[in-house]
Amino acid sequence: MRQKIVAGNWKMNNTLQEGIELAKGVNEILKANAPKCKVILGTPFIHLTEVVKTVDSKLISVSAENCADKEKGAFTGEVSAAMVKSTGAEYVILGHSERREYYNETPEILKAKVDLALANGLKVIFCIGESLAQREANEQNAVVKAELEGSVFHLSAEQFANIVIAYEPIWAIGTGKTATSDQAEEIHAYIRSVVADKYGKAVADNTSILYGGSCKGSNAPELFSKPDIDGGLIGGASLKAGDFYDIIKAWN
Ligand code: PGA
């Protein structure tokens, strides 16, 4: 059966020292309170090595927030999937709406990143989700389907087993506006049906689909109670160990 997951996405927050302290804090809490779900810390590149060293790998996995769309070479400032993997990180977040919007990451670029991540033994947390205008035009289903088709549906079923999907409506990210649990469940069930159409029911049943967008301790239990919501990708509320744990414990 598919994994329940709570993943943090620190984004461009925390100095190295602050990040280590945060990772230590989460690790201490989870040592005392064994989580009932998989816990992932998504950190900037510079934190990966130290966070991997800081946390107990039986309790916490570590994720990058991006990787390059090229394998190696003269790409100043880029960080390859192989470099991410060499830190001990197990995951990479790809397709986040902030990367799509501010860094012009197209479906083709994301497809290249997904392929390189998997080729280097990373698992991918692949983000999809519609804008407010698209939701108001009732285009959300078409948008998420196209995002999957554009960057991950070329994978074999065996490769697709390494993909975690994160549904993040753009209008809910960092806005304090959460999708209602019914709204989220409706589209999560739709996403699972699209995966089933492509790869079959068994693969779809094994795919973890996370909700992201102003998820916090107060709404996580309600969201996670829905059959097709397998956890959360957490931005703001992952920046304090206690706030993050409040979401993790929604699975208790
Ligand atoms: P948020 O961000 O929890 O701050 O809304 C979620 C995300 O962008 O992954």
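Residues numbered from 1 in each chain as written. Predicted model: local features only at pLDDT ≥ 70, side-chain atom pairs only at ≥ 80, totals over all residues. Heavy atoms only, no water.

J.: With reference to specific residues and values, describe the packing of aromatic side chains.
T.: Working definition: an aromatic ring pair is given by the centre-to-centre distance plus the angle between the planes. Under the criterion given, the structure shown has five aromatic pairs. Ring centres of Phe153 and Tyr199 lie 5.6 Å apart, and the angle between their planes is 85°; this geometry places the pair in the edge-to-face category. In this pair, Phe153 sits in the loop between α7 (140-151) and α8 (157-160) while Tyr199 sits in helix α9 (residues 181-199), placing the two residues 46 residues apart along the sequence. What makes Tyr199 buried here is its relative accessible area of 13%. Taken together, Phe153, Phe160 and Tyr199 form an aromatic cluster joined through their ring pairs. The ring of Tyr103 has Arg99 sitting right over it, with the charged end atom 4.2 Å from the ring centre. In this structure, Lys198 is placed above the aromatic ring of Tyr199, and the distance from its NZ or CZ to the ring centre is 5.8 Å. (Phe/Tyr/Trp six-rings, centres within 6.5 Å; stacked < 30°, edge-to-face > 60°. Helix = DSSP H or I, 4+ residues; strand = E, 2+ residues; numbered from the N terminus. Buried < 20%, exposed > 50% of the residue type's maximum accessible area, 1.4 Å probe, protein only. Lys NZ or Arg CZ within 6 Å of the ring centre and 35° of its normal.)

J.: Explain the packing of α7 against α9 residue by residue, including any values.
T.: Close contact between α7 and α9 brings their axes to 10 Å; oriented N to C, the two are set at 40°. With respect to α9, the element α7 is oriented oblique. Between α7 and α9 the crossing geometry is right-handed. Counting all contacts with α7, which are made through Gln140, Asn141, Val144, Lys145 and Leu148, the residues of α9 involved are Ile187, Tyr190, Ile191 and Val194. (Axes fitted to C-alpha atoms, helices over the stretch in contact; angles between N-to-C directions. Parallel < 35°, antiparallel > 145°, perpendicular 65-115°, else oblique. Left-handed = near helix turned anticlockwise from the far one by under 90°. Contact = heavy atoms within 4.5 Å.)

J.: Give me the site of the ligand: which residues, what numbers.
T.: Around the ligand lies a shell of 13 residues, among which Lys11, His96, Glu168, Gly174 and Ser214 are the nearest. Within the side chain of Asn9, one N or O atom sits 3.5 Å away from an oxygen atom of the ligand. Separating an oxygen atom of the ligand from a backbone N or O atom of Gly236 is a distance of 2.8 Å. In the complex, 95% of the free accessible area of the ligand, which totals 280 Å², lies under the protein chains. Of the residues belonging to the shell around the ligand, the class tally is four nonpolar, seven polar and two charged. (Near = heavy atom within 4 Å. Polar contact = N/O pair within 3.5 Å; in protein donor to acceptor, adjacent residues only side chain to side chain. Areas by Shrake-Rupley, 256 points an atom, 1.4 Å probe, with all protein chains shown as cover. Nonpolar A, V, L, I, M, F, W, Y, C, P; charged D, E, K, R; others polar.)

J.: Which residues make up the sheet that holds strand β4 (residues 91-94), and what values go with them?
T.: Spatially, the eight strands close up into a barrel ordered β1-β2-β3-β4-β5-β6-β7-β8, and their pairing is parallel. The average undirected angle you get between the axes of adjacent strands in this sheet is 25°. Across the sheet, α9 is in contact with β5 (123-128), β6 (163-167) and β7 (209-212); its angle to β7 comes to roughly 145°. (Pairing = 2+ DSSP bridges.)

J.: I'd like to hear about the pairing of strand β2 (residues 38-43), residue by residue, with values.
T.: Among the six residues of β2, five are classified as buried, and the element is accordingly described as predominantly covered. Bridge count between strand β1 (residues 5-9) and β2: five bridges; the pairing is parallel. Along β2, the bridge assignment pairs Asn9 with Gly42. Sheet topology note: the β2/strand β3 (residues 60-64) ladder contains five bridges and is parallel. Across the sheet, Leu41 pairs through a bridge with Val62, a residue of β3.

J.: Quick rundown of the nonpolar core? Include the residues and the values.
T.: Counting residues in each nonpolar core, the largest one holds 68 residues, and the members touching the most others are Phe126, Phe160, Ile163 and Phe224. With six residues, the single largest contributor to this core is α9. With residues near it in sequence (within four places) discarded, Phe224 still touches Val6, Cys215, Ile229, Gly231, Gly232, Ile247, Ala250 and Trp251. One finds Tyr91, Ile93, Cys127 and Val164 within the second-largest nonpolar core, a separate group that totals eleven residues. (Core = buried A, V, L, I, M, F, W, Y, C linked by side-chain atoms within 4.5 Å.)

J.: Can you explain the side chain of Asp230? Please cite residues and give values.
T.: With respect to the helices and strands, Asp230 occurs in the loop between α11 (220-224) and β8 (231-234). Look at Asp230 and you get buried, because its relative accessible area is 0%. At 2.7 Å, the side chain of Asp230 and the side chain of Arg2 are in polar contact. Residues contacting Asp230, with those up to four places away along its chain left out, are Arg2, Gln3, Lys4, Ile5, Arg192, Thr207, Ser208, Ile209, Leu210 and Trp251.

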